[in-house]
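Geometric and topological summary
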Amino acid sequence: MNQYVTGAVIKQLREKNKMTQLQLAEKLGVSDKTVSKWETGKGYPDITLLEPVAKAFRISVTELISGNTIHNENVSSNMLRSKFYVCPVCGNVLHGMGEAVIHCHGIPLNPIEAEASDEKHLIMIERIEDEYYVRIDHDMTKEHYISFIATVSLDSIQMIKLYPEGNAEARFKIRGVKKLYWYCNRDGLFFIDVVKGIDDREGSHDHMQEQRELEMTAKMLFG
Ligand SMILES: [Fe+2]
């Protein structure tokens, strides 16, 4: 273990949970002076206390040690909250239905913030039968290229990995697609909300009905 829980993290979690030092101390069977020592960096909680401390804050020991707590609500009900993580060393691409603590090559990866496309990363979307044909006019050299294109709907993701010297293009099934993402290894993640309209009206599938049903199921499951 090359990392351990810090006083700053304990203090932050305690305050977030609206607990006094005494209230936390009582839960753990230690004195409030001990908690104060941890928070001011004059001591560490014994390793046998890590689990009880994590439990007191309703988080995992991993989150406690990393200081990176995750708040996911109704993750399984809506893939539109998808997060993408990219390792800057090897280019590994990871997808999460919500936030997660992810490491690659020993580097903690943060979810990438997607931006609206800029003029150097414009996307062209064409409808061909039941598919979207997507193309980005962009370099595809080893140094600078589009690394993946993905679409997200309420209940699915389609991701195409691209490689240098290839074409920055892909095809996706139209069904339910709400968002399109594309990632440039130098300039980051871009997105576009796929325009609703013709596609939804023409399809035999009622997406609004589908969305309402998914939301109702989520409500039943998660309250
Ligand atoms: Fe770029």
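The structure under discussion appears in the preceding block.
Before going into details, it helps to say that this report is about the structure given with it. (Residues numbered from 1 in each chain as written. Predicted model: local features only at pLDDT ≥ 70, side-chain atom pairs only at ≥ 80, totals over all residues. Heavy atoms only, no water.)

Attention now goes to the coordination of the iron ion. For the iron ion, the protein coordination sphere consists of His-121 (NE2), His-138 (NE2), His-144 (NE2), Cys-184 (SG) and Asp-187 (OD), at 2.1 to 2.4 Å. Between the donor residues of the iron ion, the gaps in sequence give the motif H-x16-H-x5-H-x39-C-x2-D. Of this pair, His-144 sits in the loop between β7 (131-136) and β8 (146-152) while Cys-184 sits in strand β11 (residues 179-184), and the two are 40 residues apart along the sequence. The pair His-144 / Cys-184 is uniform in exposure class, with both members buried. (Donors = N, O, S within 2.8 Å, 3.2 Å for Na, K, Ca; no water. Helix = DSSP H or I, 4+ residues; strand = E, 2+ residues; numbered from the N terminus. Buried < 20%, exposed > 50% of the residue type's maximum accessible area, 1.4 Å probe, protein only.)

A few words now on the sheet that holds β7. Strand pairing in a sheet relies on backbone hydrogen bonds, with the paired strands running either antiparallel or parallel. Spatial ordering of the open sheet is given by β6-β7-β10, a layout of three strands whose pairing is antiparallel. Each end of this open sheet is capped by a strand with a single partner; those strands are β6 (123-128) and β10 (169-173). Ignoring strand direction, the axes of neighbouring strands in this sheet form an average angle of 25 degrees. (Pairing = 2+ DSSP bridges. Axes fitted to C-alpha atoms, helices over the stretch in contact; angles between N-to-C directions.)

This part is about the packing of aromatic side chains. Both the distance between ring centres and the angle between the ring planes are used here to describe each pair of aromatic rings. Evaluation of the coordinates by the stated rule reveals six aromatic pairs. Note on Trp-182 and Phe-190: the rings are 6.2 Å apart at their centroids and 25 degrees apart in plane angle, and the pair reads as stacked. By way of ring pairs, the aromatic residues Phe-84, Phe-148, Tyr-181, Tyr-183 and Phe-191 are connected into one cluster. (Phe/Tyr/Trp six-rings, centres within 6.5 Å; stacked < 30°, edge-to-face > 60°.)

Moving on to the sheet that holds strand β9 (residues 157-161). Taken in spatial order, the five strands make up an open sheet running β5-β12-β11-β8-β9, and their pairing is mixed. Lying at the two open borders of the sheet, with one neighbouring strand each, are β5 (115-116) and β9. Pairing analysis gives six bridges linking β11 to strand β12 (residues 188-193), with the strands arranged antiparallel. In the strand pairing of β12, Tyr-183 is matched with Leu-189.

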